[in-house]
Amino acid sequence: MRPVCRCSIIPSDVLDRLSHDPNLTDAERQHFTDMAASERAWRKVRGLQAPVTVAMRGLSSQTAVAAKPAVTVYNCKNGTSLPGRAVSKPGTSADLTAQRAFTETTAVAEFYRVAFGRNSIDNLGMTLQSSIHYGLRYNNAFWNGTQMTYGDGDGNIFVDFTKSTDVIAHELTHGVTQFTARLGYTNEAGGLNESMSDVFGSMFRQWRRTQTAAQADWLIGADIMGPGAKARGYTCLRDMANPAAAHCLSPQPTHYSQFRTGMDPHESSGIPNLAFCRAAAAIGGASWQKAGKVWYQALTGYPAVPTLKMKAFATRTRALAASLFPAEPAVATAVDQAWKSVGL
């Protein structure tokens, strides 16, 4: 069995915290209580989901490889049955959520093709399917092993999840991880799993903005923060450059010494997140050109190890930085120092 996760952008502890927030209405608190219960239920079945998609794609000799992935969008119309009803010509739809889902998903595929030579999340041109308007005021977005799904948000704490380019790339990267490293979703491997999605999600956001590592703000989920969240001083879900910052709705540890067994993957991912951010900043230029290539090869270029430890991943990146850029020792130095700064 190969692990397939239903991976969401909003952590359970954030949903739990909001379910007890006295500044929210009774109805809003109940909504977050229900959201947290739903996420816990999904986590219980996460490890039981049959990895059919990975297994079928593994039969590469029998799979027709598409030149590039098709991108499809479905509308759940506030229901929870997936995929919903197909949206005709989503790229020009009057529904802006459909437009965003189509446009940004297409752009993620192009980012992976141009920056890393990858053909869709499985490298075999897999169709990228998204469902929008999932549930009523649904405060999350998730990859379920076969497709993307986006909620509209409640309009107060969170807004439409398709508005955040890094959220879209984050969730699709869970698919890349699923088809390559197959990292589990507990302990250190879980933290690495979430970190890979934040790293490539942030790189995609920077790529869309043609930003260098120095110009980037390194925020995750900044564009889904609603007026209620902003009024409380929250500017993002996570900050890769400053994981423990008070402006993060979901603060994270910054050093490996703070890691604890059983820690939520959304929390422990702050450690490798900070390492990547520091490496990219020290190397300079666009994050995907050097640091990103090192991380991509570390994720995709080795046999799958579902229980991979952070130290082992750091070791991979150190070796790759030297082998991929032998004429630029500063790259290897930057990667090494970045990991050392977070205790690895």
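To start, this report covers the structure provided alongside it. If you're wondering where the values come from, they're calculated on a predicted model, not measured in any experiment. (Residues numbered from 1 in each chain as written. Predicted model: local features only at pLDDT ≥ 70, side-chain atom pairs only at ≥ 80, totals over all residues. Heavy atoms only, no water.)

## A word on the packing of helix 11 (residues 310-324) against helix 12 (residues 329-341)
- Their axes nearest at 7 Å, the elements helix 11 and helix 12 cross at an angle of 165°. One way to sum up the angle between helix 11 and helix 12 is to call them roughly antiparallel. Judged by the sense of rotation from one axis to the other, the crossing of helix 11 with helix 12 is left-handed. In this structure, helix 11 uses Phe313, Ala314, Thr317, Arg318, Ala321 and Ala322 to contact helix 12, whose residues at the interface are Val331, Ala332, Val335, Asp336, Trp339 and Lys340.
- For the contact of helix 11 with helix 12, a count of residues per class yields 8 nonpolar, 1 polar and 3 charged. (Axes fitted to C-alpha atoms, helices over the stretch in contact; angles between N-to-C directions. Helix = DSSP H or I, 4+ residues; strand = E, 2+ residues; numbered from the N terminus. Parallel < 35°, antiparallel > 145°, perpendicular 65-115°, else oblique. Left-handed = near helix turned anticlockwise from the far one by under 90°. Contact = heavy atoms within 4.5 Å. Nonpolar A, V, L, I, M, F, W, Y, C, P; charged D, E, K, R; others polar.)

## What to know about the pairing of strand 4 (residues 128-132)
- Judged by how many residues are buried, strand 4 sits mostly within the fold: 4 of 5 residues are covered.
- Across 5 bridges, the pairing between strand 2 (residues 71-75) and strand 4 is parallel. Bridging across to strand 4, Thr72 finds its partner in Gln129.
- With 2 bridges connecting them, strand 4 and strand 6 (residues 148-150) associate as parallel partners. Of the residues in strand 6, the one forming a bridge with Ser131 is Thr149. (Buried < 20%, exposed > 50% of the residue type's maximum accessible area, 1.4 Å probe, protein only. Pairing = 2+ DSSP bridges.)

## Focus: the pattern of salt bridges
- Applying the stated rule across the entire model yields 12 salt bridges.
- A salt bridge links Arg100 to Asp160, with the shortest nitrogen-to-oxygen separation between them at 2.9 Å. Of this pair, Arg100 sits in helix 4 (residues 96-116) while Asp160 sits in the loop between strand 6 and helix 5 (165-179); the two residues are 60 residues apart in sequence, bridging distant segments of the chain.
- Residue classification places Arg100 among the partly exposed residues on the basis of a relative accessible area of 24%.
- Assessed through its relative accessible area of 8%, Asp160 is described here as buried.
- Residue Arg318 pairs with Asp336 through a salt bridge whose shortest N-O separation is 2.7 Å. Of this pair, Arg318 sits in helix 11 while Asp336 sits in helix 12, and the two are 18 residues apart along the sequence. (Salt bridge = Lys/Arg side-chain N within 4 Å of Asp/Glu carboxyl O.)

## Observations concerning the sheet that holds strand 4
- If you trace the 6 strands from one edge of the open sheet to the other, you get 1-5-6-4-2-3, paired in mixed fashion. The open sheet has two edge strands with one neighbour each: strand 1 (7-8) and strand 3 (85-86).
- Of the strands in this sheet, strand 1, strand 4, strand 5 (141-143) and strand 6 touch helix 5, which is tilted by about 15° from strand 5.

## A short note on the environment of Ala334
- Structurally, Ala334 can be placed in helix 12.
- Not counting the four nearest positions on each side in its chain, Ala334 is found in contact with Ala279, Ala282 and Ile283.

## Focus on the pairing of strand 2
- For strand 2, the tally of buried residues reaches 4 of 5 residues, placing the bulk of the element in the interior.
- Pairing of strand 2 with strand 3 involves 2 bridges; the strand directions are antiparallel. Bridge pairing in strand 3 links Tyr74 to Ala86.

Interpretation note: all reported values are geometric properties and have no functional meaning in isolation.
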